[in-house]
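Spelled out from the first residue to the last, the chains are:
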Amino acid sequence: MDSLDPATGNLMGEVETTSPDSIRGIIAEARTAQLEWSQLSLRKRSHLLQQFAEILLSRKKIVAELISRENGKPVAESYTSEIIPVLDIVKYYTSRSAKAIKDRRVHNRIPLMKTKKAFVRYEPYGVIGIISPWNYPLLLPLGQIIPALLTGNAVVFKPSEYTPLVGDLIAQFLWEAGIPRKIFNIVQGGGDVGAALLSSKINKMFFTGSTTTGKKISELAAKTLMPLSLELGGKDAMIVLDDADIDSAASGALWGAFMNAGQTCVSVERCFVHDKVYDYFLATLQAKTKTLRTGNGSETGIDIGPIIHKAQFDTIKFQVEDAVRKGARIAAGGDFMDRGGTYFISPTVLLDLPMECSLMNDETFGPILPIIKFTSDEEAVRLANNSRFGLSASVWTADKRRGMAIARRLQTGAVILNDVISYYGNSDGVVGGPKESGTGHVHGREGLLEMVYPKYYEVERARRTKKLWWYRYDAALLSFFEAATDFLFSKSLFKKTKSLFNLVPNFLRIKKI
Ligand code: NAD
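Residues numbered from 1 in each chain as written. Predicted model: local features only at pLDDT ≥ 70, side-chain atom pairs only at ≥ 80, totals over all residues. Heavy atoms only, no water.

Asks: Run through the environment of serine 3, naming residues and quoting values.
Replies: Residue placement: serine 3 occurs in strand S1 (residues 2-4). Between the alpha carbons of serine 3 and tyrosine 162 there is a distance of 6.5 Å; along the sequence they are 159 residues apart. (Helix = DSSP H or I, 4+ residues; strand = E, 2+ residues; numbered from the N terminus.)

Below, the structure written as structure tokens:
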């Protein structure tokens, strides 16, 4: 399988594609190895992952350049949106996991069961599958690989077919750090390899990618009731209120819509601006947009890199042309550069959008920013919620109370006041939205809990005693439990007292087999 530089079209390297037929064998070996891995202490597994972080840190320059060349993003973004958050995820989970998933003591509430001692332990699923996209080839997989390994799972990871070299680099660093090869497995290939992983006997699948593929995966997983975590597409709204700092909001919109060439699940895809500040916001945004430089992200000074491949380029182009055909106007940018093998789009601002066009409803995943005017907070909330996606949203205002009132009404997994996207880098936060944006969560305690399932353990200390609720179901037992029900749950003191007179004699008459 070839890896191409999307900025130049040059061949960067080759990796061997995994045969879908070999996946069952890989999983069987991972399953055996996982038994031993899960018996290691959390401390030992943390130590190995810290070693991985050390290796990543010491080779950060090579990693940053490789990400930039294989994915197209500017090298600065390789640091800010890939390497730094990954290093923090290792730091966060290795220091917090012990507390976050420690055994929970359980207290039996029914008096007859007080002889039991119980606790809940969070157990690893076993073998976890992780399928990732190309847009954040380091951060997205490692945001799941790290907590999965830490909690005692084995992992089978399939990177995107567009970023196989970054995928290989992750594997090399983890193995070098001492993670056994059968505990961290990498399979390379496209959708067929991903589908083979799904049809195998893994214990849970973590999929990050488009909503279209996510739906296909859901159908396949339903056949075996395989647990699924889905991190899918978005159509994030940015709401600029009339009291916002317009210069900062315009810079935020610019970065929120155009970083990684707009190929970010939580990028700004719809910008709603109060009509009182609309003209000023637009003029500021247009002026700032003109200063951005599109080109090869590996070159210093470039703000916006290439589009990853032709299909993505064509989708973005179709959406813009469709919107313009239906009445939208281009206020900045609008250049689509198909150089036969490389694809660039200048940062584009669109106005006067009809609500029924594809650009306003489907994920665009490109450097396109539609601006829509609104006149009241109610209207802004209605417009923002009018989407089948729900990843995140932002509200820009000087009034925190007004912003929070809007935030509470937005149907999204996150709302940020006066910033965009960066919340994804908060290891202690949580990412994952409702609607067609998915079903799972990454980061924070919620992301850790996705990797484990709660298992109940109980020890009966009165081991010789036959339980009252066991056979035989004779008249004495029935009367005893009728009285016991009243004694435990009746709010009437009279009934409680009366039940006591039935409890004792019937208790003495109960016979057990
Ligand atoms: P994609 O759905 O085309 O592919 C994602 C991964 O799934 C790839 O590794 C691909 O090989 C694999 N795949 C494809 N078909 C498959 C199948 N039938 N069975 C199993 N695996 C299969 O998505 P993409 O173009 O790589 O990524 C872009 C999408 O990812 C966007 O929609 C974006 O919003 C989404 N995304 C979401 C998040 C999030 O956290 N919610 C983060 C990043 C990207």
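Next comes the rest of the account.
Asks: Would you mind going over helix H8 (residues 211-224) in detail, with residue names and values included?
Replies: For H8, spanning 14 residues, the distance from its first C-alpha to its last is 21 Å, which sits close to the expected 20 Å at 1.5 Å a residue. Looking only at H8, the buried set comprises Thr211, Gly214, Ile217 and Ala221. Along H8, the residues classed as buried sweep out an arc of 110° about the axis, all on the same side. Exposed and oriented more than 90 degrees from the buried face of H8 are Thr212, Lys216, Glu219 and Lys223. Elements that come into contact with the buried residues of H8 comprise helix H7 (191-198), strand S8 (204-208) and strand S9 (228-231). In the stretch just after H8, leucine 225 is the one whose phi turns positive, near 55°. (Expected span 1.5 Å × (residues − 1). Buried < 20%, exposed > 50% of the residue type's maximum accessible area, 1.4 Å probe, protein only. Arc of directions from axis to C-beta. Contact = heavy atoms within 4.5 Å.)

Asks: Please set out the pairing of strand S4 (residues 116-124) residue by residue, giving values where relevant.
Replies: Moving residue by residue along a regular strand, the side chains alternate between the two faces of the sheet. Where strand S3 (residues 104-106) meets S4, three bridges bridge the pair, whose relative direction is antiparallel. Within S4, the residue paired with arginine 105 across the bridge is phenylalanine 119. Note: S4 against strand S19 (residues 452-460), nine bridges, orientation antiparallel. Looking at S19, one finds that tyrosine 122 is bridged to proline 454. (Pairing = 2+ DSSP bridges.)

Asks: Quick rundown of the packing of aromatic side chains? Include the residues and the values.
Replies: The description of an aromatic ring pair uses the distance of the two centres, along with the angle that the planes make with each other. Here the structure, examined in full by the defined rule, presents ten aromatic pairs. Considering the side-chain rings of phenylalanine 313 and tyrosine 343, the 5.3 Å spacing of their centres and the 45° angle between planes classify their relative orientation as tilted. With phenylalanine 313 in helix H11 (residues 310-325) and tyrosine 343 in strand S14 (residues 343-345), this pair connects stretches of sequence that are 30 residues apart. For phenylalanine 313, a relative accessible area of 2% puts it in the buried group. Take tyrosine 343: its relative accessible area is 10%, and that puts it in the buried class. Within the aromatic cluster, the residues linked to one another by ring pairs are Phe313, Phe336 and Tyr343. Cation over ring: lysine 73 sits above tyrosine 136, and NZ or CZ is 3.8 Å from the ring centre. Its end group placed over the ring of phenylalanine 487, lysine 496 keeps NZ or CZ at 5.5 Å from the ring centre. (Phe/Tyr/Trp six-rings, centres within 6.5 Å; stacked < 30°, edge-to-face > 60°. Lys NZ or Arg CZ within 6 Å of the ring centre and 35° of its normal.)

Asks: Go over the sheet that holds S3 with me, naming the residues and quoting the values.
Replies: Strand pairing in a sheet relies on backbone hydrogen bonds. The paired strands run either parallel or antiparallel. The strand order across the open sheet formed by three strands is S3-S4-S19, and the pairing between neighbours is antiparallel. The sheet is open, and its two edges are formed by S3 and S19, each paired on a single side. Looking at each pair of strands side by side, their axes are set apart by 25° on average, direction ignored. (Axes fitted to C-alpha atoms, helices over the stretch in contact; angles between N-to-C directions.)

Asks: Explain the site of the ligand to me, using residue names and the numbers behind them.
Replies: Among the 29 residues in the neighbourhood of the ligand, the closest are listed as Glu161, Ser210, Thr213, Leu232 and Glu363. Within the side chain of glutamate 363, an N or O atom sits 2.5 Å from an oxygen atom of the ligand. Against a free-state accessible area of 850 Å², the protein chains account for coverage of 89% of the ligand. Of all the cavities here, the one that holds the ligand is the largest pocket. Per element, the largest residue contribution to the shell around the ligand is four residues, and it comes from H7. When the residues that make up the shell around the ligand are grouped by side-chain class, the tally is 14 nonpolar, eleven polar and four charged. (Near = heavy atom within 4 Å. Polar contact = N/O pair within 3.5 Å; in protein donor to acceptor, adjacent residues only side chain to side chain. Areas by Shrake-Rupley, 256 points an atom, 1.4 Å probe, with all protein chains shown as cover. 1 Å grid on protein atoms, 1.4 Å probe; cavity = no way out; pocket = protein on both sides within 12 Å on 5 of 7 lines; lining within 4 Å. Sits in = over half its atoms within 2 Å of the grid points. Nonpolar A, V, L, I, M, F, W, Y, C, P; charged D, E, K, R; others polar.)

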